[in-house]
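# Summary of the model geometry
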Amino acid sequence: MKEEVMKEEVKTLQIAAETWNPERVLRWAFDTFGAAVAISSAFGVEGMAVIDIAAGVRKDFRVFTLDTEFLFPETYNLMDQVEQRYGIAIERVYSLISAEEQERVHGQALWTRNPDECCDLRKVEPLRRKLGELRAWVTSIRRDQTAERAGAGKIEWDEKFGLVKINPIADWSSKQVWQYIREHDVPFNPLHERNFPSIGCTHCTRAVRPGEDDRAGRWAGLSKTECGLHIIQPVAGSPEADA
Ligand code: SF4
């Protein structure tokens, strides 16, 4: 389907899709795009919920992850568990330059001096490359996580990367996510129980302190809140578009 036609279809469905539950959103994604849609996951608790819901809709769903080479051992362990539990092979996407090469070319600890450049090299470019193979991607973002995510629609056209973006749990709260995880006995990253509500690279993630918001442990001390993957404009018709 041509890009313009797809954009029109998304526009037509967008408002109705806001009433769909995550399972229905994923069913639409799999029926519409088949093998050309994949779930992007960093295996946080939201990502685990989306993967588990997807597994109930279709057995051979695709999951990819941006492996920056700087992830926590707990995250790598969870990835192994995901592959075993759901019988899938996670597609691991790496930067074009290794961690060693990055240090040689850009100097030590680029993430402390220029985290945007580090994220571009290790997350944004690899994501762009991966999305080039797809017609749609699924994320596990929630609207109340950051200001940048507040306008996310359940189904939207991703202008930044030029494909359909699907956010099945955009309207869920953290409480709903945890309720789902407990009720369905879904494995999760043990760091969540050690005050890491949001988990990224080891260099840029710390535990949160009492009273801090859930993403305060990401790029702590910097104004940065996103890797650059989910900067979103409000969607016409979504509740947040009028706020
Ligand atoms: S989160 Fe930190 S270490 Fe990971 S890619 Fe971004 S800046 Fe680099």
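Everything numeric in this text was worked out from a predicted model, so none of it was measured.

In this section: the overall build of the protein. Helices and strands together make up the secondary structure of the protein, namely eight helices and six strands. What you see in the protein, going N to C, is helices and strands ordered as α-α-β-α-β-α-β-α-α-α-β-β-β-α. Against the compact-globule benchmark of 18 Å for 243 residues, the protein has a radius of gyration of 17 Å, which places it among compact chains. Taking the principal axes of its C-alpha atoms as reference, the protein extends roughly 50 × 40 × 40 Å. Every one of the 243 residues in the protein was classed for burial, and the buried ones make up 40%. Taking the contacts inside the protein whose residues are at least 6 apart along the sequence as the reference set, 74% of them involve residues at least 24 apart.

Glancing now at the site of the ligand. Residues in contact with the ligand amount to 13 residues; listed here are only the nearest, Trp111, Cys118, Cys119, Cys201 and Cys204. Partitioned by chemical class, the residues of the shell around the ligand number eight nonpolar, three polar and two charged.

Before going further, it helps to examine the sheet that holds strand S3 (residues 91-93). Read from one edge to the other, the open sheet built from six strands follows the order S3-S2-S1-S4-S6-S5, with strand pairing classed as mixed. Where the open sheet ends on each side, the last strands, each with one partner, are S3 and strand S5 (155-158). The average undirected angle you get between the axes of adjacent strands in this sheet is 30°. Bridge count between S5 and strand S6 (residues 163-166): four bridges; the pairing is antiparallel. Bridging from a neighbouring strand, Ile155 pairs with Ile166 of S6. Across the sheet, helix H7 (residues 115-131) is in contact with strand S2 (63-66), S3, strand S4 (136-138) and S6; its angle to S2 comes to roughly 155°.

Look at helix H3 (residues 45-57): 19 Å from first C-alpha to last across 13 residues, which is about the 18 Å you get at 1.5 Å a residue. Contacts made by the buried residues of H3 are with helix H2 (22-33), strand S1 (37-40), S2, helix H4 (73-86), S4 and helix H8 (174-183).

What follows covers the packing of H2 against H3. Axis separation between H2 and H3 bottoms out at 9 Å; the angle between their running directions is 60°. Comparing their axes, H3 and H2 come out oblique. In this structure, H2 crosses over H3, and the sense of that crossing is right-handed. Every residue of H3 that contacts H2 at Pro22, Glu23, Leu26, Arg27 and Phe30 is listed here: Ile53, Ala54, Gly56 and Val57.

Our focus in this paragraph is the pairing of S2. A two-sided burial pattern is seen for S2, the buried positions comprising Val63 and Thr65 on one face and Phe64 and Leu66 on the other. Judged from the two bridges that link them, S1 and S2 form a sheet pairing that is parallel. For Ile39, the partnering residue across the bridge sits in S2 and is Val63. Inspection of the sheet shows S2 paired to S3 by three bridges, in the parallel sense. In the strand pairing of S3, Phe64 is matched with Glu91. What joins S2 to S3 is H4, and the crossover it makes is right-handed.

Put simply, side chains in a regular strand alternate between the two faces of the sheet. Residues Val37 and Ile39 point to one face of S1 and Ala38 and Ser40 to the other, with burial holding for every one of them. Where S1 and S4 come together, three bridges link them in parallel fashion. Considered in S4, the bridge of Val37 is made with Ala136.

Take the environment of Ala216 next. Take Ala216: it is sitting in the segment after H8. The spatial distance from the C-alpha of Ala216 to the C-alpha of Phe196 is 9.5 Å, given a sequence separation of 20 residues.

Bringing the environment of Leu66 into the picture now. Structurally, Leu66 is set in strand S2. Residues within four places of Leu66 in sequence aside, it is in contact with Val93, Lys123, Pro126 and Leu127.

Once that is clear, we can look at the confidence of the model for the protein. Model confidence for the protein is summarised by a mean pLDDT of 91, while 90% of its residues fall at 70 or above. Low pLDDT, under 50, characterises residues 232-243; the stretch is placed with 23 contacts to residues that sit more than four places away or in other chains.

Rules of the game
- Residues numbered from 1 in each chain as written.
- Predicted model: local features only at pLDDT ≥ 70, side-chain atom pairs only at ≥ 80, totals over all residues.
- Helix = DSSP H or I, 4+ residues; strand = E, 2+ residues; numbered from the N terminus.
- Rg over C-alpha atoms; globule rule 2.2 N^0.38 Å.
- Buried ≥ 20, exposed ≤ 12 C-beta atoms within 10 Å, placed from the backbone.
- Contact = placed C-beta atoms within 7 Å.
- Near = placed C-beta within 6 Å.
- Nonpolar A, V, L, I, M, F, W, Y, C, P; charged D, E, K, R; others polar.
- Pairing = 2+ DSSP bridges.
- Axes fitted to C-alpha atoms, helices over the stretch in contact; angles between N-to-C directions.
- Expected span 1.5 Å × (residues − 1).
- Parallel < 35°, antiparallel > 145°, perpendicular 65-115°, else oblique.
- Left-handed = near helix turned anticlockwise from the far one by under 90°.
- Right-handed = clockwise from strand over helix to strand, strands pointing away.
- pLDDT = per-residue confidence, 0-100.

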